Amino acid sequence: MRITTLSVSQLSLTIAFYPSTSVSGRRPIGECPLTPSSSTRAAPPTDNPTFIPSPSPRGIMGDVVQMHFSTPDYVIFALLLVASTCIGLFYALSGGRQRTTQEFLLADRSMSCLPVSLSLLATFQSAVAILGVPSEIYTYGTQYWFLGVSYFLGLLVPAHVFIPVFYRLRLTSAYEYLELRFNKTVRIMGTVTFIFQMVIYMGVVLYAPALALNAVTGFDLWGAVLAMGLVCTLYTTLGGLKAVIWTDVFQTIVMFAGQLAVIIVGAHQAGGMGEVWRKAINGSRIASLDLNPDPTERHTFWTLGVGGVFLMLALYGVNQAQVQRYLSSRTEREAVMSCYVVFPCQQVVLCLGCLMGLVMFARYGEDSPLDKGYQSGNLNVPSGLQMVLYFVMDVFRDLPGLPGLFVACLFSGALSTISSAFNSLATVTMEDLIKPYWPAMTEAKATLLSKGLAFAYGLVCLAMAYTASHMGSVLQAALSIFGMVGGPLLGLFCLGMFFPWANSTGAIVGLVAGLVMAFWIGIGHFVSRMAVPTTLPPIINSTAMPLPSNMTTAVMTTESDQVHVCLSRPTGVQALYNLSYLWYSAHNSTTVVIVGLIVSLLTGPMKEKDLTPGTVYPVLGNLLFFLPECYREILYCVTPLPQKVGLSHPKEEEKTEETEREKDEDEETATPQPSCRLAHTLQETAL
């Protein structure tokens, strides 16, 4: 049996399934899920936490690898922290010196396309994603690569739907939109939900890679956690969003360099990329297109290519950390172009992870070093992550400094993620929970308080990292909460932006229903996984702590020579619990929209005159273009009212209102007609 912990950026979920010996980890329908396989091996003893395997032939596992860092490795790691701190100090002492909330929280809306796009890429490219993707490819093959298909719509929709709406409203917090569209209650509910989500996430994303590195190399655990947490808190508090974005740029370069170094050196030692590809084909690690429509299958083209779209929308469409970067752009065009630039970068990152996994397979084949006996005594670390770190240390064993480069790559992912969390949390707390109740606060006090909030969230992150170290198996439920929240928040924004008749009551009930559905499925899955019959063989190389990531799979394997239990395919509610993790965002967001629309229609749909101009995008009118215009207007507007003001910059609204008044005067004697023309609702972004 294989029990796999799936952690995906806003979707950290734990899925238990029963694969066959096929590469993709899926078994044919009707096949006994736990059929004994000739490939199963007895696990080596792990009573001794310092157990190191004996030397073996180079072609299988390589010689014994001494798991430790040299002085050059520590120097490179220290340079990463020093450089990040210097960037924060530079922006604290230059320019406007972070004296206004506009500069501290939005970089004075002065950022260009390239740094914003690289920051978008780095924000959710966490350290565990760097380790998890190669582990996934090594274990199951390249099926995961089809996630790249979802990047098309996952970035195109934010570029042409969400960014124009948010940017033209001149927002600071994404949740300001919810008050403009619904009311203050909906705004506060969205803000509190986001804070709850990010506070849980940021501590674990700091602690998890340090724990994995400590398990493999003996790298000081709390030294790494404290160094990263304090440095990140320092440059985020001093330099504001400008420092966060430019350190993201620097850290993205370090991430690319570390992964490329591993691929180049590993491929050279394996005999070249041609040999790597040949071994991957012979080992059945090059996956074909799987069009199985079963939503309970973990990875198919539909789960990756379609379900992944909703995951990307939750990340790049409505998440405050990303919206804040769009709003920091100099112009709307720059913000839109950043989405286009990040698309090839995402593909490159995905390809690097896949190539690293294939190189790892070419080096070890089916003979994993963990099966040979190397494994930390710390069972809180997924064996898949240990495998990748072992591979890196093995490849770089005769190259001092390069292990340090990969460690810098690893922690660059962690730094970029938690710094974005600090800044976005400080922004929503200031803009959504403090300013509305103290509107007379001076700019100097507001800026100082924003810096204090960023510093406070840094300390909260360290506290959460400490808490994570004591949570044990309970941590997987905490991590799942992060993924449960992303889908309902996406549904809430879609409800307001695409359905003009949705009212505030429908939004509140829909959000609550989406969260209840998400927690029900998540907890149900957790309980059902824990209720596996005790007659099953004990779990070996398992973990009690799945690690968080936006696009990460941490693998836990159970292998036994004799398994005689055959479990049937889940049905009914149990099948819902086994829904592929990539469909969770789609399922939960759809729940919010459907419930919200039903409640809105029952309680009285919102009238067009009550809508704030610029808060609705005419998606229904565009999708149903084949209907007669009169029907599209009825579907879109519900109530015939005077022509709606188009989305525009607030400074242009007065001119628009004057034009409307003049038009009304000229048509006083005309017969009133439904006039909510779709063409006037939103001006398309021109590229």
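Residues numbered from 1 in each chain as written. Predicted model: local features only at pLDDT ≥ 70, side-chain atom pairs only at ≥ 80, totals over all residues. Heavy atoms only, no water.

In the annotation of an unreviewed UniProt entry, the entry for the protein reads Sodium-dependent multivitamin transporter, and the organism field reads Oncorhynchus tshawytscha. UniProt's Sequence similarities (unreviewed entry) comment on the protein is quoted here verbatim: "Belongs to the sodium:solute symporter (SSF) (TC 2.A.21) family." (UniProt positions renumbered as here; feature names shortened; annotations may be inferred.)

Participant: Run through the overall build of the protein, naming residues and quoting values.
Facilitator: When its secondary structure is counted, the protein shows 23 helices and three strands. Classification of the 687 residues of the protein by burial places 60% in the buried group. The long-range fraction of contacts in the protein, counting pairs at least 24 apart against all pairs at least 6 apart in sequence, stands at 86%. (Helix = DSSP H or I, 4+ residues; strand = E, 2+ residues; numbered from the N terminus. Buried < 20%, exposed > 50% of the residue type's maximum accessible area, 1.4 Å probe, protein only. Contact = heavy atoms within 4.5 Å.)

Participant: How would you explain the pattern of salt bridges if you had to name every residue and give the values?
Facilitator: Under the counting rule described, the total for this entry stands at 10 salt bridges. The salt bridge involving R325 is made with D248; its shortest N-O contact spans 3.5 Å. Placement of the pair is R325 in helix 11 (residues 320–327) and D248 in helix 8 (residues 221–270), with a sequence separation of 77 residues. Residue class for R325 comes out buried when judged on its relative accessible area of 1%. (Salt bridge = Lys/Arg side-chain N within 4 Å of Asp/Glu carboxyl O.)

Participant: An account of the packing of aromatic side chains is needed here, citing residue identities and associated values.
Facilitator: Evaluation of the coordinates by the stated rule reveals 21 aromatic pairs. Aromatic pair F152 and F343: ring centres 4.8 Å apart, planes at 50 degrees, arrangement tilted. Here F343 lies in helix 12 (residues 332–364) and F152 lies in helix 5 (residues 151–168), a separation of 191 residues in the sequence. For the ring pair W222 and Y466, a centre distance of 6.1 Å and an interplane angle of 50 degrees mean the geometry is tilted. Linking W222 in helix 8 with Y466 in helix 16 (residues 443–471), this pair joins segments that are 244 residues apart in sequence. Among the residues examined, W222 registers a relative accessible area of 30% and is labelled partly exposed. (Phe/Tyr/Trp six-rings, centres within 6.5 Å; stacked < 30°, edge-to-face > 60°.)

Participant: Pulling in residues and values, what's your account of the side chain of R109?
Facilitator: Within the fold, R109 resides in the loop between helix 2 (101–106) and helix 3 (113–123). Buried within the structure, R109 lacks any salt-bridge partner; E176 is the closest side chain of opposite charge, at an N-O distance of 6.9 Å. Within polar-contact distance, the side chain of R109 engages the side chain of Q102 at 3.3 Å. With near-sequence residues (within four places) excluded, R109 lies in contact with Q102, R170, L171, T172, L327, S328, S329 and R330. (Lys, Arg positive; Asp, Glu negative; His and termini not counted. Polar contact = N/O pair within 3.5 Å; in protein donor to acceptor, adjacent residues only side chain to side chain.)

Participant: So, helix 1 (residues 71–93): which residues are in play, and what are the values?
Facilitator: At 3.6 residues per turn, the α-helix brings residues three or four places apart onto the same side. In this model helix 1 runs 32 Å from its N-terminal to its C-terminal C-alpha over 23 residues, within 8% of the 33 Å that 1.5 Å per residue would give. Within helix 1 the residues assigned to the buried category are D73, F77, L80, L81, S84, T85, I87, G88, Y91 and A92. G95 lies just past helix 1 and shows a positive phi near 60 degrees. (Expected span 1.5 Å × (residues − 1).)

Participant: Any details on unusual backbone geometry? Residues and values, ideally.
Facilitator: The phi torsion at A107 lies on the positive side, around 55 degrees, for a residue other than glycine. Relative to the assigned elements, A107 resides in the loop between helix 2 and helix 3. Not every positive phi belongs to a glycine, and D108 is a case in point at roughly 60 degrees. With respect to the element layout, D108 can be found in the loop between helix 2 and helix 3. The exposure class of D108 is partly exposed, given its relative accessible area of 41%.

Participant: Run through the packing of helix 4 (residues 127–140) against helix 12, naming residues and quoting values.
Facilitator: Taken N-terminus to C-terminus, the directions of helix 4 and helix 12 make an angle of 50 degrees; their axes are 7 Å apart at the nearest point. Considering the angle they form, helix 4 stands oblique to helix 12. Handedness of the crossing formed by helix 4 with helix 12: right-handed. Counting all contacts with helix 4, which are made through V133, P134, S135, I137 and Y138, the residues of helix 12 involved are G353, C354, M356, G357, L358, M360, F361 and Y364. Among the residues making up the contact of helix 4 with helix 12, the classes are represented as 10 nonpolar, three polar and no charged. (Axes fitted to C-alpha atoms, helices over the stretch in contact; angles between N-to-C directions. Parallel < 35°, antiparallel > 145°, perpendicular 65-115°, else oblique. Left-handed = near helix turned anticlockwise from the far one by under 90°. Nonpolar A, V, L, I, M, F, W, Y, C, P; charged D, E, K, R; others polar.)

Participant: Explain the packing of helix 3 against helix 12 residue by residue, including any values.
Facilitator: Between helix 3 and helix 12, whose axes approach to 8 Å, the crossing angle comes to 50 degrees. Comparing the axis directions of helix 3 and helix 12 gives the class oblique. Here helix 3 and helix 12 pass one another in a crossing that is right-handed. Within the contact between the two elements, helix 3 uses C113, V116, S117, L118, L120 and L121 and helix 12 uses E334, M337, S338, V341, V342, C345, Q346 and V349. In terms of residue class, the contact of helix 3 with helix 12 is built from 10 nonpolar, three polar and one charged.

Participant: I'd like a description of the environment of A586, backed by residues and values.
Facilitator: Structurally, A586 is set in helix 20 (residues 584–603). Residue A586 is classed as buried on the basis of its relative accessible area, which comes to 6%. Taking the C-alpha atoms as reference, A586 lies 9.9 Å from G486; in sequence the two are 100 residues apart.

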